[in-house]
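# Descriptive analysis of the structure
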Amino acid sequence: MATCRSAKRDPRDLLVYGPRLEIEVGPPILRTAKGPIQPVPVPGVGGTFSRMPALIDTGAGRTVLTPAAVARVGLRQVDVTRLARAGGINEDAGVYVASIQFPRYKLATIEVAKVICCELPEQPIQCLIGRDILSRWGFNYDGRTGEWIIDEEDLAAWVDPI
Amino acid sequence: MAATEQTRLAGELEVYALHKSAWLKGHPGQYVVIKGDAVLNFYPTFEAAYQAGAGAWGLNTDFLVKQIVEHEPVFFVF
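Residues numbered from 1 in each chain as written. Chains lettered and ligands numbered in written order. Predicted model: local features only at pLDDT ≥ 70, side-chain atom pairs only at ≥ 80, totals over all residues.

### Focus on the overall build of chain A
The number of helices and strands found in chain A is three helices and twelve strands. Of all 162 residues assigned to chain A, the portion counted as buried reaches 33%. For chain A, contacts bridging at least 24 residues in sequence account for 68% of all contacts bridging at least 6. (Helix = DSSP H or I, 4+ residues; strand = E, 2+ residues; numbered from the N terminus. Buried ≥ 20, exposed ≤ 12 C-beta atoms within 10 Å, placed from the backbone. Contact = placed C-beta atoms within 7 Å.)

Right, here's the structure in full:
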């Protein structure tokens with residue numbers, strides 16, 4: 001079991017900004033009998049990695065990235081879905097495929113994740129970590145101490161194909 | 001959504017819409033992989049479908065990976 005704690009224990013910081021952590025978004029990591037494969041990095045085309053702040057959002061059914069973040073990494077689109085947002089806004093949104101790493105924490109890399117692309121106005125955040133990723137973790141929010149904690153069962157990096 | 005996103009996969013979504021009724025009978029809940037007019041195959045999981053598409057067409061290109069369901073899901077973000 002891996003346990004990761006928020007960097008700051010400041011009740012006001014957690015109250016004002018919410019539970020945030022740094023992530024690194026890149027192209028999906030696919031595994032073959034010969035090992036992991038990723039696209040060749042070509043800025044603006046795909047294959048690059050980008051670090052960004054993310055907000056843990058239990059109100060988001062799926063993980064969300066801003067269009068700027070999607071473009072910076074050069075993610076590839078795999079679907080379109082219907083998105084319902086606060087204020088009664090309903091819109092079609094692109095679905096992209098990515099990998100998500102947690103460079104400051106001992107959390108397992110998510111090698112293939114579907115992320116929804118939409119603007120996050122009025123927020124200094126480029127990613128909302130939704131309940132799809134939260135389903136992998138235990139998550140504890142303690143507003144009294146200003147601390148959040150993520151628990152994750154130990155996961156193998158990958159399973160060798162038979 | 002940006003105009004470029006709307007046009008990306010537009011052709012593939014048309015192919016999906018054209019065949020959706022038939023595929024709902026034969027492959028309900030499975031994932032179909034489409035690029036242009038080409039339908040690669042049907043797969044039990046998104047990961048298997050994406051891996052097959054990437055194997056066929058590479059990682060630096062768009063292709064549609066669509067779960068065959070009667071009603072399209074709506075995701076809430078608050």
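Having seen it, we continue.
### Quick notes on the sheet that holds strand β12 (residues 147–152) of chain A
All names here are of chain A. Spatial ordering of the open sheet is given by β1-β12-β11, a layout of three strands whose pairing is antiparallel. A strand with exactly one partner marks an edge of an open sheet, and here the two such strands are β1 (2–5) and β11 (138–142). For this sheet, the mean angle separating the axes of adjacent strands, direction not counted, is 15°. (Pairing = 2+ DSSP bridges. Axes fitted to C-alpha atoms, helices over the stretch in contact; angles between N-to-C directions.)

### Topic: unusual backbone geometry
Positive phi is not limited to glycine here, since L9 of chain B has a value of about 70°. Within the secondary structure, L9 of chain B sits in the loop between α1 (3–7) and α2 (10–26).

### Concerning the sheet that holds strand β3 (residues 64–67) of chain B
Residue and element names in this part refer to chain B. Across the sheet, which stays open at both edges, the three strands sit in the order β2-β1-β3 with antiparallel pairing between neighbours. The open sheet is flanked by β2 (38–43) and β3, the only strands paired with a single partner. Each strand axis lies, on average, 20° off the axis of its neighbour in the sheet, ignoring direction. Where strand β1 (residues 31–35) meets β2, five bridges bridge the pair, whose relative direction is antiparallel. Residue pairing across strands places I34 opposite V39, the latter belonging to β2. Its contacts with the sheet place α2 against β1, β2 and β3, and it is angled at close to 145° to β1.

### Quick look at the nonpolar core
Counting 46 residues, the largest nonpolar core has V64, Y96 and I116 of chain A as its most contacted members. No other element matches the six residues that strand β8 (residues 89–101) of chain A contributes to this core. What V64 of chain A contacts, discounting residues up to four positions off in sequence, is V115, I116, C118, L120, C127, L128 and G130 of chain A together with V77 of chain B. (Core = buried A, V, L, I, M, F, W, Y, C linked by C-beta atoms within 7 Å.)

### A look at the interface of chain A and chain B
The interface is formed by 34 residues belonging to chain A together with 26 residues belonging to chain B. Among the elements of the structure, β7 (76–85), β8 and β9 (110–117) of chain A are those that each provide at least two residues to the side of chain A that touches chain B. Counting residues per element, the side of chain A that touches chain B draws most heavily on β7 of chain A, which supplies ten residues. Across the side of chain A that touches chain B, the residue classes break down as 19 nonpolar, seven polar and eight charged. Of the strand pairs in this sheet, β7 of chain A and strand β4 (residues 74–77) of chain B are connected by four bridges, and their pairing is parallel. The partner of L83 of chain A across the bridge, within β4 of chain B, is F75 of chain B. (Nonpolar A, V, L, I, M, F, W, Y, C, P; charged D, E, K, R; others polar.)

### Structural notes on the pairing of strand β2 (residues 20–26) of chain A
Residues and elements named next belong to chain A. In terms of residue burial, β2 counts as a mostly covered element, since five of its seven residues are buried. With three bridges connecting them, β2 and β8 associate as antiparallel partners. The residue of β8 that forms the bridge with G26 is S99.

### Overview of the environment of V15 of chain B
Residues and elements named next belong to chain B. Among the structural elements, V15 can be located in helix α2. Separated by 21 residues in sequence, V15 and G36 place their C-alpha atoms 8.2 Å apart. When near neighbours in sequence (up to four residues on either side) are disregarded, V15 contacts I34, D37 and V39.

### Structural notes on α2 of chain B
An ideal rise of 1.5 Å per residue puts 24 Å on 17 residues; α2 of chain B measures up with 24 Å between its terminal C-alpha atoms. The largest bend in α2 of chain B amounts to roughly 60° and is located at K20 of chain B. (Expected span 1.5 Å × (residues − 1). Bend = angle between axes of the 7 residues up to and from the residue.)

### Observations concerning the confidence of the model for chain B
Do not read the predicted coordinates in detail wherever pLDDT is low. Summarising the model, chain B shows a mean pLDDT of 90, and 92% of its residues fall at 70 or more. This complex was scored by the predictor with a pTM of 0.88 and an ipTM of 0.88. (pLDDT = per-residue confidence, 0-100.)

### Overview of the environment of G29 of chain B
Residues and elements named next belong to chain B. Position of G29 relative to the elements: it lies in the loop between α2 and β1. Overall, G29 belongs to the exposed group, with 10 C-beta atoms counted inside 10 Å. Linking G29 and V69, residues 40 residues apart in sequence, is a C-alpha distance of 5.7 Å. Contact partners of G29, with chain neighbours within four places excluded, come to Q67, I68 and V69.

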